[in-house]
Amino acid sequence: MYTKLIFELSKEGRIGHVLPKIDVASRKTSDLIPKNQMRKRAAELPQIAENEIVRHFINLSILNHHVDKAFYPLGSCTMKYNPKINEKLSGLPGFTDLHPDQPQETVQAALQILYELQEYLLDITGFSGITLQPAAGAHGEMVGLLLMKKYHQMKNRNRKTMLVPDSAHGTNPASAHIAGFSIKTIRSNEKGLVDLADLKANLNEDVAGIMLTNPSTLGIFESQIKEIRSMMDSIDGLMYMDGANMNALFGIVRPGDMGFDVMHLNFHKSFSTPHGGGGPGAGPVAVNDKLKAFLPVPLIDKKNDLYFLNEEVPDSIGKVHSYYGNFGIFIRTYIYLRMIGKEGVRKIAEHAIVNANYLKARLKDVYELGYDAPTMHEFVLSAEKQKKRGAKTLDIAKRLLDFGMHPPTVYFPLIVKEALMIEPTETESKEMMDLFVEAMLKIDKEIDQNVDILLNAPHNAAVKRLDEASAARNLDINYYKNH
Ligand SMILES: *Cc1c(COP(=O)(O)O)cnc(C)c1O
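Residues numbered from 1 in each chain as written. Predicted model: local features only at pLDDT ≥ 70, side-chain atom pairs only at ≥ 80, totals over all residues. Heavy atoms only, no water.

(A) Representation of the layout of surface pockets within the structure. Taken as a whole, the largest pocket encloses approximately 1300 Å³ of empty space. Lining the largest pocket we find 35 residues, and of these Leu63, Asn64, His65, Val463 and Leu466 sit closest to its centre. For the lining of the largest pocket, the secondary structure elements donating two or more residues are helix 14 (393-402) and helix 17 (468-473). Counting residues per element, the lining of the largest pocket draws most heavily on helix 14, which supplies four residues. By residue class, the composition of the lining of the largest pocket is 23 nonpolar, seven polar and five charged. (1 Å grid on protein atoms, 1.4 Å probe; cavity = no way out; pocket = protein on both sides within 12 Å on 5 of 7 lines; lining within 4 Å. Points joined across faces, edges and corners; volume = space filled by probe spheres on them. Helix = DSSP H or I, 4+ residues; strand = E, 2+ residues; numbered from the N terminus. Nonpolar A, V, L, I, M, F, W, Y, C, P; charged D, E, K, R; others polar.)

Now the structure itself:
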């Protein structure tokens, strides 16, 4: 579908605003602006009526799929609905007009919010120290890894290996590599859990730690944490938990209690802030007493009744973000947690788990299960059977677009063939999930009735099948050159 630019819609004289006549003595612009910075010709602004501007942007906004439009069951990424009040309140001038260089005594309320937010998060995670600074999950991983590195350096050893199970999120090995570790992949066993024999075979004095995604990218709760903990203790290794999918654990278990040393959270996933499009997010890192002394500066602290930014952390790994991170995201998370309260936190996890299990139960007889293990917030199907009948996972995903739904994550995790990784999230109703099930069952029938409809899908999306590799690698955003 070709959508015109606003400049192409422009018609001379079709002006969408009425300004009152200037009734103050005006100075000539040339008195105010240096001559060499004046325009040589008038700006080519589009001239367009208000109703057409509105239609133009509304139409653009729905070209792509988004969570305000329909279901978005992207496994491992928690594309849940974010209450609009978070946006409204975090946009209040009392927040947006603050300047991060303001004297601390003039921003006590803002610091109090950040401090209280930290307290809530420590309560939810079971840890004793936290930094809000990291800008995203992967950034949080990087910070966590630098803390682990520092732990070993303080003991005068330079450990180089990071253990990463094959069911971990892809950012884990990438972050470990960037933090200077070499990665040793640990196999999953037939239940989708860490293969303890393989872990044991890879334990040695060069291992700095292990990074576990829990629940794993198979949506499975790693139930052998105690065993893994004692194996890691035998070499004084550390345990990192990728907590991006904390909405499966909220209020039920705490990673700090389970024996982890460090974890990150994704505010733009579990804690309800808009997600995607490269906008700001936050990936706070929480730690136990072993790593607390190394947290990035400044810490948000409280002394007597005064909140302050604490720069006096002698063993800190340093700063990892300008000022103290993405403030607007913290406000959204704070509002979210205040709105749902302590009891609500647990309900989030319960609903996330019930929803995923409902979908799994309704789909598992038609699509194969990647692993037949208890499901947390997401599960993985395999379209191997469908592929043999003529339509692979990609065709099913593209066909789902015709039903007005975003496809699940496909071909990930790599350990399941023809994977479809589905996370309904806690915010979807049974009715919406039933629509998804009906679409998935109908698509399966279409393979035998008219497979071309799948092979040529999508039929009613804005664009057909893109060459996804070139689209990402040879990015071409120059409109005028191409039209
Ligand atoms: C999304 C995700 C990450 C990475 O987080 P970003 O904010 O995208 O950098 C890491 N681990 C898991 C399990 C995730 O789902």
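Next comes the rest of the account.
(B) Quick look at the domain arrangement of the protein chain. Taken domain by domain, the protein chain comprises domain 1 (6-60), domain 2 (87-339) and domain 3 (350-472). The straight-line distance from the C-alpha centre of domain 2 to that of domain 3 is 31 Å. With 23 residues of domain 2 at the contact, the number on the domain 3 side is 19 residues. In total, domain 2 and domain 3 occlude about 1400 Å² of area from one another, counting both sides; carbon and sulfur atoms represent 64% of this. When the area that domain 2 buries against domain 3 is broken down by residue, the three leading residues are Thr217, Leu218 and Asn247, summing to 37%. (Domains from an automatic or database assignment. Contact = heavy atoms within 4.5 Å. Buried area = accessible area lost by both parts, 1.4 Å probe.)

(C) Representation of the side chain of Thr273 in the model. With respect to the helices, strands and loops of the structure, Thr273 is situated in the loop between strand 6 (262-265) and strand 7 (285-287). Side-chain polar atoms of Thr273 contact the backbone oxygen of Phe267, separated by 3.3 Å. A polar atom in the side chain of Thr273 sits 3.5 Å from the backbone nitrogen of His268. With residues near it in sequence (within four places) discarded, Thr273 still touches Asn82, Phe267, His268, Ile329, Arg332 and Thr333. (Polar contact = N/O pair within 3.5 Å; in protein donor to acceptor, adjacent residues only side chain to side chain.)

(D) Representation of the sheet that holds strand 11 (residues 379-382). The strand order across the open sheet formed by four strands is 10-11-13-12, and the pairing between neighbours is antiparallel. Only two strands of the sheet have a single neighbouring strand rather than two, namely strand 10 (368-369) and strand 12 (409-410). With two bridges joining them, strand 10 and strand 11 adopt antiparallel strand pairing. If you follow Glu368 over to strand 11, its bridge partner there is Ser382. (Pairing = 2+ DSSP bridges.)

(E) Molecular detail of the site of the ligand. Around the ligand, the structure places 14 residues, and the nearest of them are Ser76, Gly137, Asp242, His268 and Lys269. Backbone polar atom of Ala138 to an oxygen atom of the ligand: 2.8 Å apart, as the coordinates give it. Protein contact buries 88% of the 380 Å² of open area that the ligand shows by itself. Element by element, the count of residues in the shell around the ligand is highest for helix 7 (residues 137-154), at three residues. Partitioned by chemical class, the residues of the shell around the ligand number three nonpolar, eight polar and three charged. (Near = heavy atom within 4 Å. Areas by Shrake-Rupley, 256 points an atom, 1.4 Å probe, with all protein chains shown as cover.)

(F) Spatial organisation of the environment of Pro20. Its place among the elements puts Pro20 in the loop between helix 1 (6-9) and helix 2 (29-32). Put simply, Pro20 and Phe57 are 37 residues apart on the chain and 26 Å apart in space, counted from C-alpha to C-alpha.

(G) Inspection of helix 14 at higher detail. Counting buried residues along helix 14, eight of its ten residues qualify, which places the element largely inside the surrounding structure. Of all the positions in helix 14, only Thr393, Asp395, Ile396, Ala397, Lys398, Arg399, Leu400 and Asp402 are classed as buried. The secondary structure elements touched by the buried residues of helix 14 are helix 13 (384-389), strand 12, strand 13 (419-422), helix 15 (430-449), helix 16 (451-455) and helix 17. The positive-phi residue at the C-terminal boundary of helix 14 is Gly404, with phi of around 75°. (Buried < 20%, exposed > 50% of the residue type's maximum accessible area, 1.4 Å probe, protein only.)

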